[in-house]
Amino acid sequence: MSAEAADREAATSSRPCTPPQTCWFEFLLEESLLEKHLRKPCPDPAPVQLIVQFLEQASKPSVNEQNQVQPPPDNKRNRILKLLALKVAAHLKWDLDILEKSLSVPVLNMLLNELLCISRVPPGTKHVDMDLATLPPTTAMAILLYNRWAIRTIVQSSFPVKQAKPGPPQLSVMNQMQQEKELTENILKVIGSLSLHCTIDEKRLAGYCQACDVLVPSSDSTSHQLTPYSQVHICLRSGNYQEVIKIFTEDNLTFSLPVQFRQSVLRELSQKAQQGNEALDEICFKVCACNTVRDILEGRTISVQFNQLFLRSNKEKIDFLLEVCSRSINLEKSSDLLKGNMAAFLKNVCLGLEDLQHVFMISSHELFITLLKDEERKLLVDQMRKRSPRVNLCIKPVTSFYDIPASASVNIGQLEHQLILSVDPWRIRQILIELHGMTSDRQFWTVSNKWEVPSVYSGVILGIKDNLTRDLVYILMAKGLHCSTVKDFAHAKQLFAACLELVTEFSPKLRQVMLNEMLLLDIHTYEAGTGQSGERPPSDLISRVRGYLEMRLPDIPLRQVIAEECVAFMLNWRENEYLTLQVPAFLLQSNPYVKLGQLLAATCKELPGPKESRRTAKDLWEVVVQICSVSSQHKRGNDGRVSLIKQRESTLGIMYRSELLSFIKKLREPLVLTIILSLFVKLHNVREDIVNDITAEHISIWPSSIPNLQSVDFEAVAITVKELVRYALSINPNNHSWLIIQADIYFATNQYSAALHYYLQAGAVCSDFFNKAVPPDVYTDQVIKRMIKCCSLLNCHTQVAILCQFLREIDYKTAFKSLQEQNSHDAMDSYYDYIWDVTILEYLTYLHHKRGETDKRQIAIKAIGQTELNASNPEEVLQLAAQRRKKKFLQAMAKLYF
């Protein structure tokens, strides 16, 4: 070797070099090269890339002398290439998870068809018609593999994760799946589920078989081969509901059927019963009883539907319930927990029954006696005796009650029952007169524990000396308040009017109380009725509200909620002039809600003015900061720990954050809600450890700092912001600024899918579901950047690249980086039609060419070749093309996240 050659060799060997990638044709030249290549730890190219290269080269069309394109020739070269592709797939053990992930559907279809050919499966043969028992194992394996792939492809294409309009799968698809299922079952009998060249998830396959059996049952299916799940579906199709009940009862011992499936069966039967099939009412109860017993055995609560169906109990229902309970528990093998759950259920059923004969049916049953000890049964009897109000509330000893004649005793019970049910004030008065005529020793306002009167009133009412008048006033007010709560305003008004007429005769104090309650009732009535349309309330109602706020009568019992409602009423109907200019000075000192209402009204009035004039906004800020502050002083408890004591001192008197929140939730005026939301958002953002700010309208009017940050309970502020946004959106779910606040909250708490939902909803409500352009003050750069981050953290990298185009200046760096990611969880190349920036499309073309992804490169080239994206087009054409793609992309995103 010459000196020059030696120097050259030393120079080349002194630096590391990357071995060159093996080309596909080299495997044709050296027979043993493939095996050596695949044995390497990280072969380059990878096995799946080799499969693509071999099949691409083998399927290349040829051109004859006349320049006509001909199909690929069936020569030795192409046959060897196909064989090499099959060998690589065999090296991968025909793992469909790997092959499906890395190969496109056409390439994988070509590969499996070559496997069928080499396994001597005649082309065009129906696999279902073949006698698998007579086939060689290699042929059976090829058929099995092809049909497993067919099933997986059908499932993925027919049942996507997200559906715009979910509906039942097409019957043709189900029929095809059924044929594939029967074929696969036959193959498994021949070669078994364990094979060197395939991995079968038997549980998943069994799930597919069950799903197929629901709609297309096998012709040879027999009851002893079916699972309980399939048996239930067969019974539902044939109308054999008694068998369904039997299966559910047996399942209470095994817990094999999912609870959600059992509930879906009950919903299906209930829908049929509601459509007029009265014969199913009894079946619905029995299925519901079976489900309820399953629930209580597993420690869940009793469903509302069971309570509704069992409300009118009879002997047949109780007999069936006891039968299900007995058959659902094995007293010898069941755990103490199951026995305890069953015993508690039976006790609760007894306590809910009115008929003592029905109670005796349960308490004398063998299961009840076995599960409950003597002491428990005795305690249960005592509890049931105490339920009677006649025993509890009688002033005289119980023995004096029996001095009343038997017929009178029956009449008293009947009259008390009518008294509980009636909402007619004159009928109530008549019943009480009759009751007091029978006995003067009873307090009939205690007949029902549901009758509640505010404690601030009860002392005055119960101080009435005449028993009949006291009972009548108490019951009329209690029933009126209850009717108002359930929005039965007509009966509430009748009851209050009768009570007002009664108390006017002897008590000015109670008369004013009733006038105040009738004012509150009229406010509720108007808000729930005419006020819903936005029509302003009559001047008479506004005058009465002002009269209440300015009332200075001494010793009148006042409910705080009426003051809250009156101030909220004035704010909701924009009576800002009264609250800021005409409200008496003494009200500001005596009523904290009036002071708060004045500050809110003044802030709304001054909002359009210059920033320097927003003095009231600063006052409102200071008031809310004080309410949300915690004054701490060191105090050691009995355990030696230091605790924080919350002071009740603020400029609004004694008002807690919870009281402020309760008042705000009575507001419905959009601007007032926006102002209070903006204030709390700003207060939330002031904290030092905040990472992601929340945005809101008018946030600039508030101070930017707090002198003593440690005094503010920021955890409480964060909770308040969430509750306020939730309340505001319940008033108007289409307010885009409130939707952005909700999205920012989810973004700040790392709930990125939920954040995207609300960002998209905010854009949709102000653009006619993206048919118009989203205003730039809604989709600001900050909002778009947060949407980009959400998509990135959800591994939806193609969506990131598209959103980068929405910024005022396209963020190419982020777009290119996201497109380099290969583990994207979005639709990837199907999104290329939404890209309008040519630079990004050119980068995509280069990227796919570099990776050897021919199919995706063709898609990118097709997208970039659209005439409307030509750079020579007028600007308005390019803008129109971009706007059209924005619209389609945002609508597609909405379908994903709504």
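Residues numbered from 1 in each chain as written. Predicted model: local features only at pLDDT ≥ 70, side-chain atom pairs only at ≥ 80, totals over all residues. Heavy atoms only, no water.

1. Quick notes on the overall build of the protein chain
So, step 1. Within the protein chain, the regular secondary structure consists of 45 helices and four strands.
So, step 2. When burial is assessed residue by residue, the protein chain has 44% of its 898 residues classed as buried.
So, step 3. A fraction of 63% describes how many contacts in the protein chain between residues 6 or more apart in sequence connect residues 24 or more apart.
So, step 4. About 49,100 Å² of surface is accessible on the protein chain, with carbon and sulfur atoms providing 52% of the total. (Helix = DSSP H or I, 4+ residues; strand = E, 2+ residues; numbered from the N terminus. Buried < 20%, exposed > 50% of the residue type's maximum accessible area, 1.4 Å probe, protein only. Contact = heavy atoms within 4.5 Å. Areas by Shrake-Rupley, 256 points an atom, 1.4 Å probe, with all protein chains shown as cover.)

2. A look at the side chain of Thr 139
So, step 1. Checked against the element boundaries, Thr 139 lands in helix 8 (residues 137-158).
So, step 2. Each residue touching Thr 139, except ones within four places of it in the same chain, is listed here: Ser 119 and Val 121.

3. Examining the nonpolar core
So, step 1. Counting 162 residues, the largest nonpolar core has Leu 549, Leu 600, Phe 680 and Tyr 779 as the members making the most contacts within it.
So, step 2. With 10 residues, the top contributor of residues to this core is helix 36 (residues 670-686).
So, step 3. Not counting residues up to four positions away in its chain, the partners in contact with Leu 600 are Leu 571, Leu 620, Phe 663, Leu 667, Val 672, Ile 675 and Ile 676.
So, step 4. Residues Leu 257, Leu 297, Ile 329 and Met 361 belong to the second largest nonpolar core, which totals 49 residues. (Core = buried A, V, L, I, M, F, W, Y, C linked by side-chain atoms within 4.5 Å.)

4. Here's the deal with the pattern of salt bridges
So, step 1. Across all of its chains, the model carries 28 salt bridges by this definition.
So, step 2. Across the pair Arg 536 and Glu 575 runs a salt bridge, and its minimum N-O distance is 2.5 Å. Placement of the pair is Arg 536 in the loop between helix 28 (508-528) and helix 29 (539-549) and Glu 575 in the loop between helix 30 (560-572) and helix 31 (576-582), with a sequence separation of 39 residues.
So, step 3. The exposure class assigned to Arg 536 is partly exposed, which follows from its relative accessible area of 38%.
So, step 4. Glu 575 gets classed as buried once you look at its relative accessible area, which sits at 13%.
So, step 5. A salt bridge links Arg 574 to Glu 669, with the shortest nitrogen-to-oxygen separation between them at 3.7 Å. In this pair, Arg 574 sits in the loop between helix 30 and helix 31 while Glu 669 sits in the loop between helix 35 (657-664) and helix 36, placing the two residues 95 residues apart along the sequence.
So, step 6. Judged by relative accessible area, Glu 669 falls into the buried class, the value being 11%. (Salt bridge = Lys/Arg side-chain N within 4 Å of Asp/Glu carboxyl O.)

5. Observations regarding the packing of aromatic side chains
So, step 1. Tallied over the entire structure, the rule returns 20 aromatic pairs.
So, step 2. Ring centres of Tyr 812 and Phe 816 lie 5.8 Å apart, and the angle between their planes is 40°; this geometry places the pair in the tilted category. Here Tyr 812 and its partner Phe 816 are both found in helix 42 (residues 812-819), four residues apart, which amounts to about one turn of the helix.
So, step 3. Using a relative accessible area of 30% as the deciding quantity, one classes Tyr 812 as partly exposed.
So, step 4. Each residue in the set Phe 806, Tyr 831, Tyr 834, Trp 836 and Phe 889 is aromatic and connected to the rest through ring pairs, giving one cluster.
So, step 5. Arg 262 extends its terminal NZ or CZ atom over the ring of Phe 248, reaching a point 4.6 Å from the ring centre. (Phe/Tyr/Trp six-rings, centres within 6.5 Å; stacked < 30°, edge-to-face > 60°. Lys NZ or Arg CZ within 6 Å of the ring centre and 35° of its normal.)

6. Structural notes on the state of the cysteines
What is meant by a disulfide is a covalent connection between two cysteines, made through their sulfur atoms.
So, step 1. Counted by the stated rule, this structure contains zero disulfides.
So, step 2. Of the cysteine sulfurs around Cys 284, a residue in no disulfide, the closest is that of Cys 288, at 8.6 Å. (Disulfide = S-S within 2.5 Å.)

7. Looking at the confidence of the model for the protein chain
So, step 1. For the protein chain, the mean per-residue pLDDT works out to 80, and 81% of the residues sit at or above 70.
So, step 2. The weakest mean pLDDT in the protein chain belongs to strand 4 (residues 642-643) at 30; the strongest belongs to helix 40 (residues 781-793) at 94.
So, step 3. Below pLDDT 50 for its whole length, residues 1-8 participates in two contacts with residues either more than four positions away or in separate chains.
So, step 4. Low pLDDT (under 50) marks residues 161-173, which in the prediction has nine contacts with non-local residues, meaning those over four places away or in another chain. (pLDDT = per-residue confidence, 0-100.)

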